[in-house]
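Here are the chains, one letter per residue:
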Amino acid sequence: MKAINIIEGGVSVLARSDVDTDQIIPKQFLKRVERTGFGEFLFYDWAKEPGWHLPVNPILATGANFGSGSSREHAPWALEDYGFQAIVAPSFADIFYSNCTKIGLLPVVLPEDQVKALMEAGEAEINLQEQTVTFAGGVVPFDIDPEIARRLLEGLDDIGITLEQQHLIDAYEAERERSGPVTTSL
Amino acid sequence: MPKNLFEKIWERHEVAPSLIYIDLHLVHEVTSPQAFESLRMKERTLRRPDRTLATADHNVPTDGSTTAQQIKDHLSRKQVEVLEQNCAEFGVPIHSIGSDQQGIVHVIGPELRVTQPGMTIVCGDSHTSTHGAFAALAFGIGTSEVEHVLATQTLQQKKPASMRVNYEGELGFGVTAKDLILGTIGQLGTSGAQGYVVEYAGAPIRALSMEGRMTICNMSIEWGGRAGMVAVDDTTLAWFDDAPEEWREFTSDDDASFDREETVDASALSPQVTWGTTPGHVAPVDGAVPEPSTESEERALVYMDLEPGRAIEEIELDTVFIGSCTNSRIGDLRAAAEVVKGRKVSRDIRAMVVPGSAQVKIQAEKEGLDEVFRDAGFDWRSAGCSMCLGMNPDTLQPGERCASTSNRNFEGRQGKGGRTHLVSPQMAAAAAVEGRFVDIRGWGE
């Protein structure tokens, strides 16, 4: 994962709430076994609606409960492949939020009125180290779990980190692992 | 110090702070190929194949095909074939298409008794919360996390908050587990459980079968919950042949505390029907489509082609789908068959029943339920996710209106332009007979 810190530039606006991952990347595109190339199918059905306008920018500002529904990581893959580096919303669905942090797409939670102000400002700078969003409306702080922030800032590989703790997993399995069920004996 | 059920399971699985051990990893064809590929590229091994189990469900046609090679859609076929190859290469047991143990991943886990109390269970699928019905901590993960679990049998996870929903009263005649959870989501909102592991408790939950509890836990994600769970009791233990008495500890202690508690009156609920495009857009069957109060609701009414004030019972249907990880178990099919027995599907309705697993299908056929459905005019299919998400040939056409026992009424979920109304199996069955929604409580007498 590549390290991120400062994300700056234009803000694309999707003023809808409860945007589910079925809208972000519809099911027919989940049949691919590759991880790349999902950007062109982002919001595939909505993009055909008259008046749809979602320019490629570093930042997407959107409504509450963004990324609800299916756990498909294809949704963050598509948003990132399209060109977004950060998504700002009043709230995110849990799995979607987690999926974003695993691929270096920064989810930022701001109060609803600040998201609206950001949408109007049209440009912003997000500083992960400082945990701030700066735009015409001022400098707004945001919260992020310190461990998640550290991994994003340093571009760390989660699996690599856990494998360094392999001795702890070995010890857990030796001492505390529950017995059964064993799937290979089915 | 008293502990709640979630805390007990969490503590037992902490390998290190925010690193939990996973007892069972379920795998399907859609969210795993990129994870296996990445393992291969980084020359990493799969740590515990004996705690991993795979099946093919999302892509499989329900036409009785028995091998991946018979799948006509090129990409679907490739995805199932790649799963079979990955499982062979990494030593993962698999029940693929054609196996008599194949089925929807959340149906076969409990069926094979690999879902057990006190476990941590994950799968690259948001409806993994289903397994929480067995007092397990079970939740959906993304593909990066699937890869992490394959490689390490652990998951990095910040401890979520805990919530208990206390149900009071009792479910009325004709009101099911599906109505209970839809009513809960309607009252507490589609993001009401965000950040929480939810324990469902109270007499109405105790009175439910394991299947009903699975239906409730299944839809935890539809109101944002990290997971849903139900404590162990006699009903839980009776699911297993030789349940150890120690499993009884998987309950919340009497004076355990939760980060949040909510109360829902089960007695007040009618059979529920969704009218919009989130599971929170829901109304009692004897009610009407409400006035929209948000942008999301306004948009939903346009998409659903409904106007405020329309009685739910006046909504006419084109299609009825009985199936999905929410409602496709033998108990669901028995309940629906009871409703349609000796009746006929309304002539214009396309109606289908898709058993959740090959085993459910075999059992249903043993009981003659397939005959009941066929005689009534239903299409009797083979196991798979089917029309719940339309990744296989079972889809809605644009504008088609469907009563569905599945879990999501999102725009286009069952097929581009399709309009989905979520209901219980009984309500779906009665709707198939009448061609419109009817209140099951006063119907057919």
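What comes next is a walk through the structure. Computed from a predicted structure; not experimentally measured.

1. Details of helix α13 (residues 369-376) of chain B
Residue and element names in this part refer to chain B. Residues of α13 that are buried include every one of L369, D370, V372, F373 and A376, and no others. Projected down its long axis, α13 shows its buried positions confined to an angular sector of 160°, all on one face. Of the surrounding elements, those touching the buried residues of α13 are α11 (330-340), β16 (350-353), α12 (358-366) and β17 (379-380). A positive backbone phi angle near 105° is found at G377, which sits one or two residues after α13.

2. Thoughts on the pattern of salt bridges
Counted by the stated rule, this structure contains 48 salt bridges over all chains. Among the ionic pairs, E147(A) bridges to R150(A), the shortest N-O distance being 3.1 Å. Of the two residues, E147(A) and R150(A) both sit in helix α5 (residues 146-154), three residues apart, roughly one turn of that helix. Residue R150(A) is classed as partly exposed on the basis of its relative accessible area, which comes to 34%. With a shortest N-O distance of 3.0 Å, R164(B) and E261(B) are connected by a salt bridge. A residue pair is termed long-range when its members are at least 10 positions apart, and R164(B) in strand β9 (residues 161-168) and E261(B) in strand β12 (residues 260-265) qualify at 97 residues. For E261(B), a relative accessible area of 38% corresponds to the partly exposed category.

3. Looking at the interface of chain B and chain A
Taken together, the contact pairs 80 residues of chain B with 62 residues of chain A. When chain B packs against chain A, close to 5,500 Å² is buried across both sides, 50% of that on carbon and sulfur atoms. The three residues of chain B that bury the most area against chain A are Q34(B), R47(B) and Q156(B), which together make up 11% of that side's buried surface. Scanning the region where chain B abuts chain A turns up 13 salt bridges. Put simply, D73(B) and K31(A) hold a salt bridge, and the shortest N to O gap is 3.4 Å. The interface formed by chain B and chain A includes 47 residue pairs in polar contact (both at pLDDT 80 or more). For the side of chain B that touches chain A, the element with the most residues is helix α5 (residues 143-152) of chain B, which contributes seven residues. Classifying every residue of the side of chain B that touches chain A by side-chain character gives 24 nonpolar, 33 polar and 23 charged.

4. Regarding the sheet that holds strand β2 (residues 59-62) of chain A
All names here are of chain A. Spatially, the seven strands line up as an open sheet ordered β4-β3-β2-β1-β5-β6-β7, and their pairing is mixed. Each end of this open sheet is capped by a strand with a single partner; those strands are β4 (106-109) and β7 (138-141). Each adjacent strand pair in this sheet contributes to an overall mean axis angle of 30°, direction not counted. By the bridge criterion, four bridges tie strand β6 (residues 132-135) to β7 in an arrangement that is antiparallel. Along β7, the bridge assignment pairs V133 with V140.

5. Focus: the packing of aromatic side chains
All chains considered together, the criterion is met by 21 aromatic pairs over all chains. Ring plane angle 80° and centroid distance 5.4 Å describe the contact between F66(A) and F96(A), whose orientation is recorded as edge-to-face. Remark: F96(A) occurs in helix α3 (residues 94-103) and F66(A) occurs in the loop between β2 and α2 (74-82); sequence separation between them is 30 residues. With a centroid separation of 6.0 Å and an interplanar angle of 15°, the aromatic rings of F373(B) and W380(B) are classed as stacked. Across this residue pair, the class does not change: F373(B) and W380(B) are buried. Among the aromatic residues, those joined into a cluster by ring pairs are F66(A), F92(A), F96(A) and Y97(A). A cation over an aromatic ring shows up here: R16(A) above the ring of W46(A), its NZ or CZ 4.3 Å from the ring centre. Taking NZ or CZ as reference, R32(A) lies 5.0 Å from the ring centre of F38(A), over its face.

Quick notes on the rules
Residues numbered from 1 in each chain as written. Chains lettered and ligands numbered in written order. Predicted model: local features only at pLDDT ≥ 70, side-chain atom pairs only at ≥ 80, totals over all residues. Heavy atoms only, no water. Buried < 20%, exposed > 50% of the residue type's maximum accessible area, 1.4 Å probe, protein only. Helix = DSSP H or I, 4+ residues; strand = E, 2+ residues; numbered from the N terminus. Arc of directions from axis to C-beta. Contact = heavy atoms within 4.5 Å. Salt bridge = Lys/Arg side-chain N within 4 Å of Asp/Glu carboxyl O. Buried area = accessible area lost by both parts, 1.4 Å probe. Polar contact = N/O pair within 3.5 Å; in protein donor to acceptor, adjacent residues only side chain to side chain. Nonpolar A, V, L, I, M, F, W, Y, C, P; charged D, E, K, R; others polar. Pairing = 2+ DSSP bridges. Axes fitted to C-alpha atoms, helices over the stretch in contact; angles between N-to-C directions. Phe/Tyr/Trp six-rings, centres within 6.5 Å; stacked < 30°, edge-to-face > 60°. Lys NZ or Arg CZ within 6 Å of the ring centre and 35° of its normal.

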